[in-house]
Each structure stands twice: as structure tokens, then as C-alpha cells.
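Survey of secondary and tertiary structure
Residues per chain, in single letters:
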Amino acid sequence: MHLLGALFNSSIGKKLLMAVSGLVLFGFVTGHLVGNLQVFLPPDAINLYAHRLESLGIVLWLIRAFLLVCLIVHVWLAIKLTLENRAARPEAYAVQHVNRATLASRVMARTGFVVLAFIVFHLAHYTVRIGHPEWAEHTFRLSDGTMVRDVHTMIVQGFSHLGVSIFYILAVGILAYHLSHGIVSLVQTLGLKNERWTRGLERFAVAYCWLYFLLNASMPLAVLGGFVKQHA
Ligand code: HEM
């Protein structure tokens, strides 16, 4: 408890918690993307994957709880650090600082806020299924005869709506931009960044974020373009 208190109250502790929680969330969004890309395979693949995840039962709930704690810590400390920095920074320094910092680093709070709003929308859309109670009823028969939830149909129907797809593409673009600075920043905070490979790390972050954005955007685009269709 004493250690937690020290972490939350010291500046370096807060940055460390931001970096660690950010790393966990980064791991989640990457894993989630890899899982979702199975929408390009026959529907059995993603439906079996979703079924296996659900079959984890209590373990899945523990993972969800852990992710939620990481998200709360990350957002809460981001707000705290932003307010503290604003209060501590005299105007003249602020101008100088703006010149040196990258645009991605300066808009972290704003892009983070959009990502948070996207997560709320996304949970309402696909997890709580507000406006689409029928998605909870759609079932799919796996090759071994097991009846499972039809996540494939849910994704195809969800992205068939042009406005929803545009919103997803914009949101993942903003998330990718947030990550492009987040990756560099967390490596720096964890003390792993050194002068020799700073350039390489920055290039990796940009390449990773472009790939992350394009792969995420490919799903709504594939549905809208008719490449991924609802199965019979
Ligand atoms: C095109 C991109 C995406 C697709 C196709 C997608 C698809 C889905 C689907 C189908 C579910 C519900 C799974 C179920 O009902 O079993 C889900 C849940 C979720 N997604 Fe996404 N997602 C995408 C992007 C994202 C992004 C970028 C984030 C984070 C910023 C995210 C965060 C979540 C979370 C937190 C859940 C809840 C997980 C849970 O219930 O355990 N998703 N997603």
C-alpha cells in the first residue's frame, strides 16, 4: 500500500504507472487486432475464437477487470499529469516547449480523450449491442456441431452502416496517432531508450502505427466494398 501510495504521489511514479498501464493497453489493442483479422477467414475462424474466449469464464472476467483497472489508471494519471504540467509551466516556457515537441506528443490528451469516447461507443455497439439486441440471438454451427454466437455476422452488419464505418476508421486513425508517441514515450520512461537507437525506435513506432491503422481500417472497408460478406 505504501509503495502504491508512493507511486501515485511522485512524478516519476506516475510516469512509470502511465507507461506500464499503457504497455498493457498496447498489448490488448494489438492482440485484439490480430484476433479481429480472422474476419477475413471463413466465419468458423472468428466465431470459434470468440467462443474459446468466452469459454474462459471467470479467467476472462479477471482479464477484463485487469484491463479496466489499467485503463482507469492510465486515464486518471493522464488527467493529473496534464493539469500538473499546465499549472507548473510558465507561459514563456510553454512557447519554447511547443517548438521542440512533436505534434503527436502535444495532442496526447486530446487524442486520448477521443480514444476513450471511441471505447465507450464500441462497447455500447458490439458488447452491450445497444440498438441491436438481435445480435445476441444470432448463432452459428461450428464444424463439430457446437452452436456458438455469430460474431462474424455481427461485425459484417455493424460495418455495413457507412456512418459507423467512417467513425471506426477515424477513431483507429486517432488511436494510431496516439500510439505513435505513446510507444516512444513508454520506452523512454521505462529507461530502455538510448541515443544510439532513438531514430530506429521512432521509425519503428511510425511504421507500427501505420500498419496498425491500415489493418484496422481494412475491416470496415472490406465489408463496405463487399469483400467480406454475411455468410449464408
Ligand atoms: C475494426 C476494428 C475492430 C473490430 C472489428 C472490433 C471488434 C470487436 C468485437 C466484435 C467485439 C465484441 C466481441 C464479442 O462480442 O464477443 C469487441 C470488443 C471489444 N473491443 Fe473491439 N474491435 C475493433 C477495434 C477496437 C479498438 C481499436 C479497441 C480499443 C481502443 C477495441 C476495444 C474493445 C474492447 C475493450 C472490447 C470488449 C472486450 C470484452 O468484452 O472482453 N476494439 N471488438
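In short, a report on the structure. (Residues numbered from 1 in each chain as written. Predicted model: local features only at pLDDT ≥ 70, side-chain atom pairs only at ≥ 80, totals over all residues.)

Over its 20 residues, helix 7 (residues 108-127) extends 27 Å from the first C-alpha to the last, a length consistent with the 28 Å expected when each residue adds 1.5 Å. Residues of helix 7 that are buried include every one of Thr111, Gly112, Val115 and His125, and no others. Buried positions in helix 7, seen along its axis, are confined to an arc of 140° and lie on one side of it. Residues of helix 7 that are exposed and point more than 90 degrees away from the buried face comprise Arg110, Ala117, Val120, Leu123 and Ala124. Buried positions along helix 7 lie against helix 4 (58-88), helix 8 (151-159) and helix 9 (162-189). Where helix 7 terminates, the next one or two residues include Arg129, which has phi positive at roughly 60°. (Helix = DSSP H or I, 4+ residues; strand = E, 2+ residues; numbered from the N terminus. Expected span 1.5 Å × (residues − 1). Buried ≥ 20, exposed ≤ 12 C-beta atoms within 10 Å, placed from the backbone. Arc of directions from axis to C-beta. Contact = placed C-beta atoms within 7 Å.)

Relative orientation of the contacting elements helix 9 and helix 10 (residues 198-224) amounts to 165°, with a least axis distance of 9 Å. The orientation of helix 9 relative to helix 10 falls into the category roughly antiparallel. When you trace helix 9 past helix 10, the crossing you get is right-handed. On the side of helix 9, the interface is formed by Leu162, Ser165, Tyr168, Ile169, Val172, Gly173, Ala176, Leu179, Ser180, Ile183, Val184 and Val187, while helix 10 contributes Leu201, Glu202, Ala205, Val206, Tyr208, Cys209, Tyr212, Phe213, Asn216, Ala217, Pro220 and Leu224. (Axes fitted to C-alpha atoms, helices over the stretch in contact; angles between N-to-C directions. Parallel < 35°, antiparallel > 145°, perpendicular 65-115°, else oblique. Left-handed = near helix turned anticlockwise from the far one by under 90°.)

Looking now at the packing of helix 2 (residues 11-36) against helix 9. One way to put it is that helix 2 packs onto helix 9 with a least axis distance of 9 Å and a crossing angle of 130°. The orientation of helix 2 with respect to helix 9, classified from their angle, is oblique. The two elements helix 2 and helix 9 meet at a crossing, and its hand is left-handed. Across the interface between the two elements, Lys15, Leu16, Ala19, Gly22, Leu23 and Phe26 from helix 2 touch Leu179, Gly182, Leu186 and Thr189 from helix 9.

A word on the environment of His152. Here His152 lies in helix 8. Assessed through the 24 C-beta atoms surrounding it within 10 Å, His152 is described here as buried. For the pair His152 and Asn36, spaced 116 residues apart in sequence, the C-alpha separation works out to 9.5 Å. With residues near it in sequence (within four places) discarded, His152 still touches Val39, Pro43, Ile46, Asn47 and His231.

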